[in-house]
Protein chains: 2
Amino acid sequence: MRKIAIIGIGQTKVDEHWQDSVVDLAVEAVQAAKFDAGREDIESLFVSNMMSGTLNQQLNLAALVADRSGLKGVEATHIEAACGSGGVALRQAMLAVASGEVASALVVGVEKMTDTLGSETTKSLAMAADADYELAQGATFVALNALIMQRYMYEYGWKHEDFAPFAVNAHANAVHNPYARLRKAISAETFTNARMIASPVGLFDASATGDGAAAVVIVPYDSVGKSASAVTIAGSAVAVDTVSLHDRKDGLWLTAAEQSAKRAYAQANIQPADVDFFELHDAFSIMAALSLEACGFAERGKGPRVGLERDISPQGELPLSTHGGLKARGHPVGATGIYQVVEATQQLRGTAGALQVPDAEIGLVQNIGGAGTTIATHVLARVN
Amino acid sequence: MRKIAIIGIGQTKVDEHWQDSVVDLAVEAVQAAKFDAGREDIESLFVSNMMSGTLNQQLNLAALVADRSGLKGVEATHIEAACGSGGVALRQAMLAVASGEVASALVVGVEKMTDTLGSETTKSLAMAADADYELAQGATFVALNALIMQRYMYEYGWKHEDFAPFAVNAHANAVHNPYARLRKAISAETFTNARMIASPVGLFDASATGDGAAAVVIVPYDSVGKSASAVTIAGSAVAVDTVSLHDRKDGLWLTAAEQSAKRAYAQANIQPADVDFFELHDAFSIMAALSLEACGFAERGKGPRVGLERDISPQGELPLSTHGGLKARGHPVGATGIYQVVEATQQLRGTAGALQVPDAEIGLVQNIGGAGTTIATHVLARVN
């Protein structure tokens, strides 16, 4: 496949943006990415968003973002895969550029979650699960993740406090990310003593919601001046598993994460040991543990050991969630997959400041929609 | 770009399917298309749907359809572009296959509109327009089309009855389409005397809602035995215009239809005169007239003359809506663009029965999301 380069990135702070509509947020990220790329000639716009219909009474969103961004006459595509919308949109944008039909694409992820009742947001988020078989039982999305975590702790003997390092690291990193929502450090005690949301998922196991948008511009690598250093997408794959937990043969293994990671590794010709940092989908701490296992960084049932025994800070052995992750940068769901790519690009460009992973050459990015259902894995690499 | 062939088609009847969920409908069309294609090896699933979140409390729909169709481990993408979702999804599936990364893709369009209050469906359909600037004024989607039609009749001197031939032809064709919702012929008098919905849009200017799903399987043409006749996608383009009518420089011209048609014609190396039949987006009769103008079949302001002066039946000079169109086959919005492609494929295979366009070699398909906003145009051609 034709090699793809990321030439522009943009993002808004993840926050409660009371003054901005879902479209305003997207436009801000689009303009920032175009400015960063230094070019205006976008041929195709991809918008990743989960809930603009249910929360913002707005569908046909890709056309509206194109319209307000001044991108008239382009083609515009809205892609939704619950919290994995961003990763899936990047994948499709990449294929469009790789086809040779599209010379440049801009992918913007956006979500506006706070301008509504919390109960409405909870109800919409649960639509990532199976309406007929899971939601009809009264399950929320947090409850489904709690079921997985409960079983995981039971099967492998972990205590709740063993998951603390993931959240502590994410919060420590977010302090230095001006775009993060929760820019405050927490201790392991804070994690452990926090109030319970849906046992065993405590307040600091769960990521922060928020409004936000992030964008990237991609082009064929061979259209970029070869002397300059560039960030390329060396591997890209999406796989899906069952939606309902009860349909899954193995409820404690992210099959779609394993499948998509293996494909992406093969494309990039790398092993897990080659990965310099991992932007994982820490929507819940149990998902961080399971992703590490499925992607080859821990044995089955031993995900929490990565946080407990290895240095996962940006300067450590296996840096995770370098800009705060979903946990502390925040999780504006349809935008999250693109935030991850923006942050990985900052690492590979060497512009991550206090959060810089030394000599970062290969970054892994994984975005999950549903409770382990739709999983997009990308390998980003620095060239030159 | 690599040439793409359509090797399988499937559809459900457009109807009130009280016993089937949105997922059930999609699965039925998926299985039919796979059976027709004679192969199981689908690598990528695209689901086009507008309103499953707002009407069926179900997002992450692509993964769920893959799951229930037995397509585990594939990649799955949900694409939304209001009523133009199907055309946009076909375009992206085509680019995915053209990239060389995906050997086979299945695109299924689905919508379940009737299992809810009519007022809820009306509210959701209106989300194709601008929530902040149009819906906030109380506009429904029918009302926006009525504004366009009113102005068109005023500017060019047409009477309401002049639009009758589009609906009369569509209903006459639907009689012979077992998958159509409104299988009954109407007269011009019925059209003219029908009750007014939003002046000047009468009951028979507007298309029928409904539940339904349609699917196509596409592969690289060079992977199909060359001796067999095949249906190929010779031209494909999507363009977007403003969402709000008040932002449009020219409210009586479908700029995105013109742009996408011109690109698709150039790719296919054809002129409008080469088109043997046109599956147009007759969601409202005014849209039929405007599409004919923008695509080069009538001069500006003269769209209704095509119906009044030319034979638009399947055996006529310029066959339109050969299987009943949105008007009478029905318009399950996210599925419509794929129904059009399924019907065009039937024509090019020569399997359209009583609706067969003699010696059909080139078919034009146009799908519109919003009031002229997101427009996908495809040229389908028979090879051999």
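The shown structure was predicted, so the numbers you read here are calculated from the model rather than taken from an experiment.

Okay, the overall build of chain A next. Counting secondary structure elements, chain A contains 13 helices and 11 strands. Counting only C-alpha atoms, chain A reaches 55 × 45 × 40 Å along its principal axes. Per-residue burial over chain A gives 66% buried out of 384 residues.

Residues and elements named next belong to chain A. Domain boundaries assigned for chain A yield domain 1 (4-117 + 210-223) and domain 2 (128-206 + 233-383). Relative to domain 2, the C-alpha centre of domain 1 lies at a distance of 22 Å. Contact with domain 1, which involves 34 residues of that partner, is made by 31 residues of domain 2. When residues of the side of domain 1 that touches domain 2 are traced back to their parent elements, those giving at least two are strand 1 (4-11), helix 4 (85-98), strand 4 (105-111) and strand 7 (212-220).

Below, the discussion takes up unusual backbone geometry. Residues and elements named next belong to chain A. Here the bond from S199 into P200 is cis, since omega is 5°, no more than 30 degrees from zero. Mapped onto the fold, P200 is located in the loop between strand 5 (196-198) and strand 6 (201-202). Positioned with a positive phi, N269 is a non-glycine residue whose angle comes to about 60°. With 11 C-beta atoms packed within 10 Å, N269 lands in the exposed category.

Moving on, we get to helix 4 (residues 85-98) of chain B. All names here are of chain B. The first and last C-alpha atoms of helix 4 sit 20 Å apart over 14 residues, in line with the 20 Å expected at 1.5 Å per residue. A large share of helix 4 lies buried, amounting to 14 of its 14 residues. G100 lies just past helix 4 and shows a positive phi near 90°.

This part is about the environment of B:N367. Residues and elements named next belong to chain B. With respect to the helices, strands and loops of the structure, N367 is situated in strand 10 (residues 362-369). Using a count of 34 C-beta atoms within 10 Å as the deciding quantity, one classes N367 as buried. Between the alpha carbons of N367 and H378 there is a distance of 8.8 Å; along the sequence they are 11 residues apart. Sequence-distant contacts of N367, defined by excluding residues within four places in its chain, comprise G84, G86, G87, H281, T336, G337, Q340 and A376.

Let us look at the relation of the copies chain B and chain A. Placing chain B over chain A gives an RMSD of 0.0 Å and needs a rotation angle of 180°, together with 0.0 Å of translation along the axis. The operation mapping one copy onto its partner corresponds to a two-fold rotation axis. No C-alpha of chain B approaches the rotation axis more nearly than that of B:S99, which lies at 1.9 Å.

All names here are of chain B. It is the contact of helix 4 with helix 13 (residues 333-349), at a shortest axis distance of 5 Å, that shows an interaxial angle of 65°. Along the contact surface, helix 4 presents S85, G86, G87 and L90, while helix 13 presents G334, A335, T336, G337, I338 and V341. Here the contact of helix 4 with helix 13 is built from residues that sort into 4 nonpolar, 6 polar and no charged.

The accessible area lost on association of the parts is a frequent measure of interface size. Contacts between the two partners involve 52 residues from chain B, matched on the other side by 51 residues from chain A. Among the secondary structure elements, those contributing two or more residues to the side of chain B that touches chain A are helix 2 (52-56), helix 3 (61-68), strand 3 (75-80), helix 4 and strand 8 (230-240) of chain B. At 6 residues, the largest contribution of residues to the side of chain B that touches chain A is made by strand 3 of chain B. When its residues are assigned to classes, the side of chain B that touches chain A shows 25 nonpolar, 19 polar and 8 charged. With 3 bridges connecting them, strand 3 (residues 75-80) of chain A and strand 3 of chain B associate as antiparallel partners.

Residue and element names in this part refer to chain A. A large share of helix 7 (residues 164-174) lies buried, amounting to 10 of its 11 residues. Taken residue by residue, helix 7 has A164, P165, F166, A167, V168, N169, A170, H171, N173 and A174 as its buried positions. Against helix 8 (188-193), helix 10 (285-294), helix 11 (303-309) and helix 12 (325-329) lie the buried residues of helix 7.

Attention now goes to the pairing of strand 3 of chain A. Counting buried residues along strand 3 of chain A, 6 of its 6 residues qualify, which places the element largely inside the surrounding structure. On strand 3 of chain A, burial covers both faces: A:E75, A:T77 and A:I79 on one face and A:A76, A:H78 and A:E80 on the other are all buried.

With that settled, the discussion passes to the confidence of the model for chain A. Detailed reading of the predicted coordinates is not advisable wherever pLDDT is low. In this model, chain A carries a mean pLDDT of 96, and residues with pLDDT of at least 70 account for 99%. ipTM for the predicted complex: 0.97, alongside a pTM of 0.98.

Residue and element names in this part refer to chain A. You can see N169 is positioned in helix 7. Taking the C-alpha atoms as reference points, N169 and A188, separated by 19 residues in sequence, lie 9.8 Å from one another. If we ignore the near neighbours within four places in the chain, the residues touching N169 are I312, S313, L320 and S321.

Here we come to the environment of A:G109. Residue and element names in this part refer to chain A. On the secondary structure map, G109 appears in strand 4. Judged by the 36 C-beta atoms lying within 10 Å of it, G109 falls in the buried class. As a C-alpha pair, G109 and S85 span 24 residues in sequence and 7.7 Å in three-dimensional space. G109 has contacts with S48, S85, G86, A89, A213, A214, G334, A335, T336, G337 and I338, leaving out every residue within four places of it along the chain.

Analysis parameters
- Residues numbered from 1 in each chain as written.
- Chains lettered and ligands numbered in written order.
- Predicted model: local features only at pLDDT ≥ 70, side-chain atom pairs only at ≥ 80, totals over all residues.
- Helix = DSSP H or I, 4+ residues; strand = E, 2+ residues; numbered from the N terminus.
- Buried ≥ 20, exposed ≤ 12 C-beta atoms within 10 Å, placed from the backbone.
- Domains from an automatic or database assignment.
- Contact = placed C-beta atoms within 7 Å.
- Expected span 1.5 Å × (residues − 1).
- Least-squares fit on C-alpha atoms with pLDDT ≥ 70 in both.
- Axes fitted to C-alpha atoms, helices over the stretch in contact; angles between N-to-C directions.
- Nonpolar A, V, L, I, M, F, W, Y, C, P; charged D, E, K, R; others polar.
- Pairing = 2+ DSSP bridges.
- pLDDT = per-residue confidence, 0-100.

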